[in-house]
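Structural features, examined
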Amino acid sequence: SYGSNRRAVDLSVTPNTFTVVLSNRNGEDANENDLSSVENAVVEAIREGADTRRRIQEARGLSQTKTLSILEALVARGIVVREGNTRSIRYSLTA
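Structure report, in brief. These numbers were taken from a predicted model, which means no experiment stands behind them.

1. With respect to the nonpolar core
- Judged by nonpolar contacts, the single largest core of 15 residues is most densely connected at Val-42, Ile-46, Ile-56, Leu-74 and Tyr-91.
- For this core, the elements supplying multiple residues, two or more each, are helix H1 (37–47) and helix H3 (64–76).
- Among the elements that take part in this core, H1 stands out by supplying four residues, more than any other.
- If we skip the residues at most four places from it in the chain, Ile-56 touches Val-42, Ala-45, Ile-46, Ala-50, Thr-67, Leu-71 and Tyr-91.

This is the structure we're talking about:
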């Protein structure tokens, strides 16, 4: 899963403990090629003009909970931008 990333694992061993530190793969290198099929479907719905949670949900036949969790993940990864508050929230793709 980490491919040729040489900094993928940092292993530290002492007589009483060991520590394993894995690099964060969800950081700045995130892009649309790393998305699951459902995440891709949400991105495509936004590309096609669905800009609210409800429109995205209806366009892809997802539950409200699933749609929100996917949108939150895409926002956290910097792929989608969330604008507005409460009922006026709109989603768009980052430039």
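2. Quick look at the environment of Arg-82
- Summarising the element assignment, Arg-82 is placed in strand S3 (residues 80–83).
- Take Arg-82: its relative accessible area is 46%, and that puts it in the partly exposed class.
- Taking the C-alpha atoms as reference points, Arg-82 and Ser-92, separated by 10 residues in sequence, lie 6.8 Å from one another.
- Beyond its immediate chain neighbours, meaning those up to four positions away, Arg-82 contacts Val-75, Ile-89, Arg-90 and Tyr-91.

3. Thoughts on the packing of H1 against helix H2 (residues 53–60)
- Close contact between H1 and H2 brings their axes to 9 Å; oriented N to C, the two are set at 115°. Of the two elements, H1 crosses H2, and the hand of that crossing is right-handed. In contact with Ala-41, Val-42, Glu-44, Ala-45 and Ile-46 of H1, H2 contributes Ile-56, Ala-59 and Arg-60.
- Its residues placed into classes, the contact of H1 with H2 shows six nonpolar, no polar and two charged.

Definitions and limits used
Residues numbered from 1 in each chain as written. Predicted model: local features only at pLDDT ≥ 70, side-chain atom pairs only at ≥ 80, totals over all residues. Heavy atoms only, no water. Core = buried A, V, L, I, M, F, W, Y, C linked by side-chain atoms within 4.5 Å. Buried < 20%, exposed > 50% of the residue type's maximum accessible area, 1.4 Å probe, protein only. Helix = DSSP H or I, 4+ residues; strand = E, 2+ residues; numbered from the N terminus. Contact = heavy atoms within 4.5 Å. Axes fitted to C-alpha atoms, helices over the stretch in contact; angles between N-to-C directions. Left-handed = near helix turned anticlockwise from the far one by under 90°. Nonpolar A, V, L, I, M, F, W, Y, C, P; charged D, E, K, R; others polar.

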